[in-house]
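Here is what each chain is made of, one letter per residue.
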Amino acid sequence: MHVDCCEYLPWDSAHFGIRIARVREHRLEPGPLQHVLQWCREHRIECLYLLAEADDDMTVELAEANHFHLVDARLTLTLCLDKAPDGNGRPAFIRPIRPADLEALRAIARDSHRQSRFFYDHQFAASRTEDLYVRWIEASASGYADAVWIGEQEGKPGGYVSCHLSPDGTGRIGLLAVSPAARGNGLAREMLAASLEYFRKNGMNRVSVVTQGRNVAAQRLYQRCGFLTESLQLWYHRWFLPNGLDPGPAEKGAP
């Protein structure tokens, strides 16, 4: 685990202007943890992500004892499309993305996704986190996603959902957001239904989506549409002082 225990993340690092890496494994043990921290010191990492299995007591205890801060619960939900009811056709106000939509989608992206781990870690500037989701929807509209569906509200974009196809037959929902003015009228559910129809027509047999543990509204939406929780993981961030120095006394849990 020593050589490849962590992965440097160039995109995240460039976007936030700090050196960021992630732990490759989802479980921690005392000895390997020391290799992780040493690797971070050697590579001058300033922020380290850990996606931990929620049911592993040792991992949680070691993370809490070694300056890792819990920032999110990551829920993965899945739906078998053969068990999902066929739709009644896509309504006219749900349509594919158009180039002219981008300005409105950027504004929606800035106002949405506020329950992500980056907004709850105040060492990340809120403006940089808003920009992250703006860049994400821009990339999705430019081909990163296989499709982006728009939900219209009074003839204007009121929300979006991005869809990804994979060779193993799993469709993945990337981003789903509704503007504050368009919330509460069922637009999110109609966009989700359009994405399921898209996946079915493109040969997918199951759909996967990731949401935050604190985002109860999103969980209810997916559950009402037949999604079931597949896994629960915990996101931790571990911050270092400049030059990879530690923010306190020597780490606990050493062998």
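Going by the structure above, here's the rest.
Just so it is clear, the structure is predicted and the values come from calculations on it, not from any experiment.

Digging into the overall build of the chain
Alright, step 1. Helix and strand content of the chain: 8 helices and 10 strands.
Alright, step 2. Taken over the C-alpha atoms alone, the chain extends approximately 60 × 35 × 30 Å along its principal axes.
Alright, step 3. For the chain, the share of sequence-separated contacts (at least 6 apart) that also reach a separation of at least 24 residues comes to 75%.
Alright, step 4. Surface summary for the chain: the accessible area is close to 12,800 Å², and the carbon and sulfur share equals 50%.
Alright, step 5. Computing the positive centroid from 29 side-chain charges and the negative centroid from 32, the chain places the two 5 Å apart.

Some details on the nonpolar core
Alright, step 1. One finds Ile-173, Leu-176, Leu-192, Phe-199, Tyr-222 and Phe-227 to be the most contacted residues of the largest nonpolar core, which totals 29 residues.
Alright, step 2. When contributions to this core are tallied by element, the ones reaching two or more residues are β4 (68-80), β6 (147-153), β7 (156-164), β8 (170-178), α7 (187-201), β9 (206-212) and α8 (216-224).
Alright, step 3. Looking at this core element by element, the count peaks at 8 residues for α7.
Alright, step 4. By size, the runner-up hydrophobic cluster in this structure holds 26 residues, among which are Cys-47, Ala-109, Tyr-133 and Leu-175.

Digging into α8
Alright, step 1. Here α8 has its buried residues at Ala-218, Gln-219, Leu-221 and Tyr-222. Burial along α8 is one-sided: seen end-on, the buried residues are contained in an arc of 160°. When the buried face of α8 is taken as reference, the exposed residues oriented beyond 90 degrees from it are Ala-217, Arg-220 and Arg-224.
Alright, step 2. On its buried face, α8 sits against β4, β8, α7 and β9.
Alright, step 3. Of the residues flanking the end of α8, it is Gly-226, one or two places downstream, whose phi is positive at about 100°.

Criteria and cut-off values
- Residues numbered from 1 in each chain as written.
- Predicted model: local features only at pLDDT ≥ 70, side-chain atom pairs only at ≥ 80, totals over all residues.
- Heavy atoms only, no water.
- Helix = DSSP H or I, 4+ residues; strand = E, 2+ residues; numbered from the N terminus.
- Contact = heavy atoms within 4.5 Å.
- Areas by Shrake-Rupley, 256 points an atom, 1.4 Å probe, with all protein chains shown as cover.
- Lys, Arg positive; Asp, Glu negative; His and termini not counted.
- Charge placed at Lys NZ, Arg CZ, Asp CG, Glu CD.
- Core = buried A, V, L, I, M, F, W, Y, C linked by side-chain atoms within 4.5 Å.
- Buried < 20%, exposed > 50% of the residue type's maximum accessible area, 1.4 Å probe, protein only.
- Arc of directions from axis to C-beta.

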